[in-house]
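The lines below spell out each chain.
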Amino acid sequence: KTALSDGVGYFGNVEVGRDVTIAELQDIYDAIVLAVGAPRDRKLGIPGENKTGVFGSADFVGWYNGHPDFTDLKPKLNTETVVVIGQGNVAVDVARVLVKTPEEMTETDIADHAADAIDASPITDIHMIGRRGPIEAKFTNVELREMGKLADCQPVINAAQLPDEVTGDWSDRDKRLKDRNLATMKEFLDISPEDKSKRVHFSFYAKPVEILGGDAVEGIRMENTKVEAGRSVGTGEFFEIECGLVIPAIGYFSDPFPGVPFDADNGIVIHDEGRVGDGIYAVGWIKRGPTGVIGTNKPDGDIAATQIFEDITGGAKPGREALEALLEERSVPRLSFQDWLRIDEAEMAAAKPGAPRRKFVTIDTMIGALN
Ligand code: NAP
């Protein structure tokens, strides 16, 4: 609805830094809002991280979601055991997609290449490992509960790792979430294995120290941990898990945005309450770092809108037509919102029965669909 209003101009397939610079945009527009997120993986920083068979969650999620940048990732899933590092919602998403049945996948818009590869893989066991305990785990309750509803997968938890109750210094809101998570994990203990062929093992108090193998991953060496003053501390005891795939899901990171100052330590643009520079504002993960669900990002939009109203009086820059002319002059093949709608329709028309859509997984095929 918003995109269809006259006040909104959509410029698809245009990259700042490649097709137009931020300085040129500053000449054309009174205000520029950076809402570019945090698309890269944070690194574990341990030996063996570059072996074949280690895929950060941003790349891996991009691959199964059909993001054109990751279509060629082609992770080899020829392993029974997968280790997912981290216990946030992304770790849950990744673990869950690897154990879904073809029927469960049919209802989603997972890319065909990923659904086929997962279906053909011999994966039976996913170890989702947290460096702290069940109370400190970051996943939210709706996402955690989904793990108990899978058709052919059993959540497995070592009862000895679950405390009787939530202790510690938490806000009321966090305490309620942690109470719910603990209750859900206790319910998982009661799910009988029936005849399920796959398992997601929730393991706590262990951090990765080395990824093992030759060129390809053959296992991972972990150190047991304990939590002291909220932090994970190694105990000096180690263990190994044999596996052919390691997926660190330990958080995201932003690339520097071309033309604006960047805080490389925190992976965000340098800003003052969201103000980045002359007429430039930031919202979301490029402003705050990669935490928070969609609702957490909404107030950023309000703040940026308020700042724009405060800062800009009687804007006089040429706006949309000047950008259209500049891209035309450079022969940039930009897509309009009508083009976006046609690509969207073509994806929905190509959906298999039960699925919402069948995604184009390369930019060429998206643009080709317009012809
Ligand atoms: P996250 O919630 O910050 O979780 C990251 C996990 O990785 C934590 O368990 C963290 O442990 C662990 N970790 C970090 N560094 C590590 C290291 N060096 N070694 C071992 N473990 C490490 O991040 P996320 O899962 O990427 O999610 C990002 C945001 O998107 C979150 O706010 C999430 O809720 C949101 N999201 C929401 C949904 C949804 O609503 N369905 C889906 C996906 C993502 P520590 O706690 O010890 O640091």
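Structural data are supplied above this passage.
Reading the values: rules and limits
- Residues numbered from 1 in each chain as written.
- Predicted model: local features only at pLDDT ≥ 70, side-chain atom pairs only at ≥ 80, totals over all residues.
- Heavy atoms only, no water.
- Near = heavy atom within 4 Å.
- Polar contact = N/O pair within 3.5 Å; in protein donor to acceptor, adjacent residues only side chain to side chain.
- Areas by Shrake-Rupley, 256 points an atom, 1.4 Å probe, with all protein chains shown as cover.
- Phe/Tyr/Trp six-rings, centres within 6.5 Å; stacked < 30°, edge-to-face > 60°.
- Helix = DSSP H or I, 4+ residues; strand = E, 2+ residues; numbered from the N terminus.
- Buried < 20%, exposed > 50% of the residue type's maximum accessible area, 1.4 Å probe, protein only.
- Lys NZ or Arg CZ within 6 Å of the ring centre and 35° of its normal.
- 1 Å grid on protein atoms, 1.4 Å probe; cavity = no way out; pocket = protein on both sides within 12 Å on 5 of 7 lines; lining within 4 Å.
- Points joined across faces, edges and corners; volume = space filled by probe spheres on them.
- Nonpolar A, V, L, I, M, F, W, Y, C, P; charged D, E, K, R; others polar.

K.L.:
Can you help me understand the site of the ligand in this one?
P.N.:
Within the structure, the ligand sits among 21 residues, and Gln87, Asn89, Arg131, Arg132 and Gly292 are positioned closest to it. Within the side chain of arginine 132, an N or O atom sits 2.8 Å from an oxygen atom of the ligand. With respect to the ligand, the side chain of glutamate 143 contributes an N or O atom lying 3.0 Å from a nitrogen atom. Across the complex, the protein chains shield 82% of the 920 Å² of accessible surface that the ligand would expose by itself.

K.L.:
What is the right way to read the packing of aromatic side chains from this model?
P.N.:
Summed over the entire model, instances satisfying the criterion amount to seven aromatic pairs. Residues tyrosine 252 and tryptophan 285 carry aromatic rings whose centres are separated by 5.8 Å and whose planes lie at 50° to one another, so their mutual orientation is tilted. Of this pair, tyrosine 252 sits in strand E11 (residues 252-253) while tryptophan 285 sits in helix H8 (residues 285-288), and the two are 33 residues apart along the sequence. You can call tyrosine 252 buried: its relative accessible area is 15%. Considering the side-chain rings of phenylalanine 337 and tryptophan 340, the 5.4 Å spacing of their centres and the 10° angle between planes classify their relative orientation as stacked. On the criterion of helical spacing, the pair formed by phenylalanine 337 and tryptophan 340 is a turn pair, its members being three residues apart in helix H11 (residues 337-349). On the basis of relative accessibility, which here comes to 17%, the residue phenylalanine 337 falls in the buried class. Residue class for tryptophan 340 comes out partly exposed when judged on its relative accessible area of 38%. A network of ring pairs unites the aromatic residues Tyr10, Phe337 and Trp340 as a single cluster. Taking the ring centre of tryptophan 170 as reference, the NZ or CZ of lysine 178 above it sits at 4.3 Å.

K.L.:
Please clarify how the layout of surface pockets should be interpreted in this entry.
P.N.:
Roughly 240 Å³ of volume is contained in the second largest pocket. If you go around the second largest pocket, you meet 15 residues; those closest to its centre are Met105, Thr106, Asp112, Ala115 and Lys352. Contributing elements (two or more residues each) for the lining of the second largest pocket: helix H4 (102-106) and helix H5 (112-120). Here the lining of the second largest pocket is built from residues that sort into six nonpolar, two polar and seven charged.

So, to be careful, I would describe these as geometric facts and stop short of saying anything about function.
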